[in-house]
Amino acid sequence: MPIISAPLVLVDGEMQGPASIVIEGDRIVDVVDGRTDGDGQLAFREGMLSAGLVDLQINGAFGIDFVSASEAGWETVASRLLGTGVTSFLPTFTTAPIETLLGGLERAAAARQHLAGGANARLIGVHLEGPFLSPAQPGVHPREHMLHPSQDHLDALLAGEDSRRIISMMTLAPELPGAVDAVRRLVRAGIRVSVGHTDATAAEVRAATDAGACMVTHIFNAQRRLGHREPGVPGQALSDPRLVVGLIADLMHVAAEIVTVVMNAAAGRVALVTDALAAAGMPPGRYELGDTLIDLPSDGLARNAAGAIAGSTLTLDQAVRNIVGLGFSPAVALEAASRAPADVLGRKDIGRLAPGACADIVWWSNDLRPLRTWVGGLQSESSFRAAPELAGNA
């Protein structure tokens, strides 16, 4: 029975240690104090262990845009994400014609089946960020493809078997005609609803939350601003304990001071996301985001031709390090990138080190660099980095 131990292990939101994780098959069967001897034991002399990270919003990476990705492209991203500590992800499709989205959903469903069971990051499901967004807050989403969430449009998106099975989350603007009814329908279908790209008032966000919305997409970006009399989307997100707050912590989309405010005001319900583009992990150049061309200059802040900020080149491990750099503990930062996003999805089998959970594990260096990653108990060769020597059986 494989056992992995380290000086520090993140359990129930706290760093404990030394401690050992006992694995049987693809599951964790126990987390125990101290080092435990056993067949196949890995006993790390330094660093820490956490659950694998979960990215709820990633448009692509390593030169691959998910909407048009080939099977080889999906495999490239799912493999290389492990080197950033990500073991589960929601590929995110931005606003496009419904036919384009349906084609992407079909390919994503095939990719999920192809990737299953291997040493790749888990493709949990698709996050549709559009097309039911507000033209008043488009970001780089094309206004011409934005739609109201009518029953006919929902029927078109949800009609296919692949669509119903692969859509895990949808971002929509709650002030649009029919949006609250759409939230109820999506929630009944098992799809998580996030509020985003919206000019909604706080009251309109609250109405969507009453209907079942559970998250706000990339707080402060592409949404009505915080006001002292009209709280807007950020004010409602930070004050309503029912809402998880998606946060791009690259310190460019949201200033460091405001990141600190968000982490404190919504303690325990911040989900770090990358909103990464195909440009993530790539040199400066021109990349695709759906049908939109995005330029990545040397400063690392991707923009469209009109100069609007377009997603990020962030990796989730860097987001964790950024949060720690602002004075928060590694436990708080790692929980925001693992347990909090898993909870949004209603997944108690990922994002935590606990009996019964998937054996998705990351060994981190003391400065929070992912050194090795396991998915379902399988150690990924693609995640190896230069690492300190091991004690015991390596």
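Residues numbered from 1 in each chain as written. Predicted model: local features only at pLDDT ≥ 70, side-chain atom pairs only at ≥ 80, totals over all residues. Heavy atoms only, no water.

> Could you give an account of helix α2 (residues 98–115), naming the residues involved and the relevant values?
Given a rise of 1.5 Å per residue, 18 residues ought to cover 26 Å, and the 25 Å separating the end C-alpha atoms of α2 matches this to within 8%. Among the residues of α2, Ile-98, Leu-101, Gly-103, Gly-104, Leu-105, Ala-108, Ala-109, Ala-111 and Leu-115 are the ones counted as buried. Trailing α2 by a residue or two, Gly-117 shows a phi angle of about 85°, which is positive. (Helix = DSSP H or I, 4+ residues; strand = E, 2+ residues; numbered from the N terminus. Expected span 1.5 Å × (residues − 1). Buried < 20%, exposed > 50% of the residue type's maximum accessible area, 1.4 Å probe, protein only.)

> Go over the sheet that holds strand β23 (residues 378–379) with me, naming the residues and quoting the values.
Working definition: the strands of a sheet are paired by backbone hydrogen bonds and lie parallel or antiparallel to each other. Taken in spatial order, the 6 strands of this open sheet run β3-β2-β7-β21-β22-β23, and their pairing is mixed. Strands at the two margins of the open sheet, each flanked by one partner only, are β3 (14–16) and β23. Where strand β2 (residues 8–11) meets β3, 3 bridges bridge the pair, whose relative direction is antiparallel. Directly across from Leu-10, in β3, lies its bridge partner Met-15. (Pairing = 2+ DSSP bridges.)

> Kindly report on the pattern of salt bridges, identifying the contributing residues and their values.
Enumeration over the complete set of coordinates arrives at 15 salt bridges. For the salt bridge of Asp-240 with Arg-242, the shortest nitrogen-to-oxygen distance reads 2.9 Å. Given the relative accessible area of 42%, Arg-242 is considered partly exposed. In this structure, Arg-369 and Asp-367 form a salt bridge, with 3.9 Å as the shortest nitrogen-oxygen distance. Linked through salt bridges whose partners overlap, the residues forming this network are Glu-335, Arg-339, Asp-343, Lys-348 and Arg-352. (Salt bridge = Lys/Arg side-chain N within 4 Å of Asp/Glu carboxyl O.)

> Give a detailed account of the packing of helix α5 (residues 179–188) against helix α6 (residues 202–211), specifying residues and quantitative values.
Running from amino to carboxyl end, α5 crosses α6 at an angle of 30°, the nearest separation of the two axes being 8 Å. As far as their axial angle goes, α6 and α5 are roughly parallel. In this structure, α5 meets α6 at a crossing whose hand is right-handed. From α5, Val-180, Val-183, Arg-184 and Val-187 reach across to α6, where they touch Ala-207, Ala-208 and Ala-211. (Axes fitted to C-alpha atoms, helices over the stretch in contact; angles between N-to-C directions. Parallel < 35°, antiparallel > 145°, perpendicular 65-115°, else oblique. Left-handed = near helix turned anticlockwise from the far one by under 90°. Contact = heavy atoms within 4.5 Å.)

> Give me the lowdown on unusual backbone geometry, citing residues and values where you can.
Of note, the bond from Gly-17 into Pro-18 is cis; its omega dihedral lies within 30 degrees of zero at 0°. In the segment running from Gly-130 into Pro-131, the intervening peptide bond is cis, with an omega of 15°. Mapping Pro-131 onto the fold places it in the loop between β13 (126–129) and α3 (151–158). For Phe-62, which is not glycine, the phi dihedral falls at a positive 55°. If you trace the backbone, Phe-62 turns up in the loop between β9 (60–61) and β10 (64–65). Given a relative accessible area of 13%, Phe-62 falls into the buried group.

> Give a detailed account of the packing of aromatic side chains, specifying residues and quantitative values.
Applying the stated criterion across every chain, the model contains 4 aromatic pairs. Judged by centre distance (3.6 Å) and plane angle (15°), the rings of Phe-44 and Trp-363 are stacked. Remark: Trp-363 occurs in strand β21 (residues 361–364) and Phe-44 occurs in strand β6 (residues 42–44); sequence separation between them is 319 residues. Neither residue differs from the other here; Phe-44 and Trp-363 are each classed as buried. Pairwise contacts between aromatic rings join Phe-44, Trp-363 and Trp-374 into one cluster. (Phe/Tyr/Trp six-rings, centres within 6.5 Å; stacked < 30°, edge-to-face > 60°.)

> Just give me the short version of the side chain of Ser-20, but keep the residues and values in it.
With respect to the helices and strands, the residue Ser-20 is situated in strand β4 (residues 19–24). Looking at Ser-20, its side chain comes within polar contact range of the main-chain oxygen of Gly-34, at 2.6 Å. Sequence-distant contacts of Ser-20, that is, excluding residues within four places in its chain, are made with Ile-3, Ile-4, Ser-5, Asp-30, Val-31, Val-32, Gly-34, Arg-35 and Thr-36. (Polar contact = N/O pair within 3.5 Å; in protein donor to acceptor, adjacent residues only side chain to side chain.)

> Residues and numbers for the nonpolar core, please.
The biggest cluster of nonpolar side chains holds 101 residues, and the ones touching the most others in it are Leu-56, Phe-89, Phe-93, Leu-128, Leu-247 and Leu-272. Considering each element in turn, this core owes the most residues, 7 residues, to α2. Beyond its immediate sequence surroundings of up to four residues, Leu-247 is in contact with Ile-219, Val-254, Val-259, Val-262, Met-263, Val-270, Ala-271, Leu-272 and Val-273. Core analysis: the second largest hydrophobic core is formed by 18 residues, Ile-4, Ile-21, Ala-51 and Leu-353 among them. (Core = buried A, V, L, I, M, F, W, Y, C linked by side-chain atoms within 4.5 Å.)

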